[in-house]
Amino acid sequence: MEWMVTNAVALLILPPGILLLLSAIGALLALRHPRLGRSLVGLAMIALYVLSTQYAADRLLHTLEPVASNPLSDHTTQAIVVLGGGTYFAAPEYGADTVQSEVLPRLRYAAHLHRASRKPILVTGGNPEGNSTAEAVLMKRVLTQDFQVPVLWVEDKSDNTLQNARMSRLMLEAAGIRRVLLVTHAWHMPRAKLAFEHAGFSVVPAATGFATSYQLTLLQFLPSAGALRDSSRFFHEVIGMVWYRLKFAAGR
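Note that the structure is predicted; figures quoted are calculated from it, not measured.

(A) A look at the packing of aromatic side chains. Tallied over the entire structure, the rule returns four aromatic pairs. Here Phe234 and Phe235 contribute two aromatic rings whose centre-to-centre distance is 5.1 Å and whose plane-to-plane angle is 80 degrees, an arrangement assigned as edge-to-face. With centroids separated by 6.0 Å and ring planes inclined at 40 degrees, the aromatic side chains of Tyr244 and Phe248 adopt a geometry described as tilted. Placement of the pair is Tyr244 and Phe248 together in helix H9 (residues 225-249), with a separation of four residues, close to one helical turn.

Here you go:
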């Protein structure tokens, strides 16, 4: 229920939800205050256009992304922790649930890191939508069957990044593991690192899925649904980090 409420609120306060809400408010205001109402609608439409361009979305994501580096240069890490990112429910081509396409770059990079370092892997992700198979179980299945990489730990009870960190810590502290390679998307890394460090880990970022492009073209200034999704991710991460800091300050 908490996961459902949190995501429902997020849909309302993140683009495009917040921009549509501002447009509706502007339209209502225009009945009594035409200039103010039209200005609010116009501002919302301009923001919608800007945030729907890949150029703006990439610039926003770049502000979140850590500096790209080789995490394997740090020889003090003890394990690889891979964060989930969603389930592809009832995939007809497989006849069962599997991981969302967004999770695959994380698993692929974790497999690369494991082959290069031989460090053990923990996958983390529960079933916040109430489905029968936890995401971590699906992640393990992909790593072992598709990438031929072993998974030593499966944390399958967490519903969000903060719980990923806390429950992974409970699982790994028994093995004396505190310093980990943390695998997630580059835009998600600041919030994930914040959560894992607060849980007691020493984190070496192992980011993947950076916002890159071949060259600057006119297409990057034309609106697209994919760009709006990327812009929304930026605001989701920023709001999430602020929320985490408030929770930590309150001792939660």
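That covers the picture; the talk isn't over yet.
(B) Summary view of helix H8 (residues 189-198). When H8 is considered as a whole, its buried residues turn out to be Met189, Arg191, Ala192, Leu194, Ala195 and Phe196. Along its buried surface, H8 packs onto strand E1 (79-83), helix H7 (161-173), strand E6 (179-185), strand E7 (202-208) and H9. Taken from the residues just after H8, Gly200 is the one with a positive phi, measuring 110 degrees.

(C) A look at the sheet that holds E7. In spatial order, the strands read E5-E4-E1-E6-E7; together these five strands make up an open sheet with parallel pairing. Pairing within the sheet leaves two strands with one partner each, and these edge strands are strand E5 (153-155) and E7. Each strand axis lies, on average, 25 degrees off the axis of its neighbour in the sheet, ignoring direction. Pairing between E6 and E7: seven bridges, direction parallel. If you follow Leu182 over to E7, its bridge partner there is Pro205.

Rules behind the numbers
Residues numbered from 1 in each chain as written. Predicted model: local features only at pLDDT ≥ 70, side-chain atom pairs only at ≥ 80, totals over all residues. Heavy atoms only, no water. Phe/Tyr/Trp six-rings, centres within 6.5 Å; stacked < 30°, edge-to-face > 60°. Helix = DSSP H or I, 4+ residues; strand = E, 2+ residues; numbered from the N terminus. Buried < 20%, exposed > 50% of the residue type's maximum accessible area, 1.4 Å probe, protein only. Contact = heavy atoms within 4.5 Å. Pairing = 2+ DSSP bridges. Axes fitted to C-alpha atoms, helices over the stretch in contact; angles between N-to-C directions.

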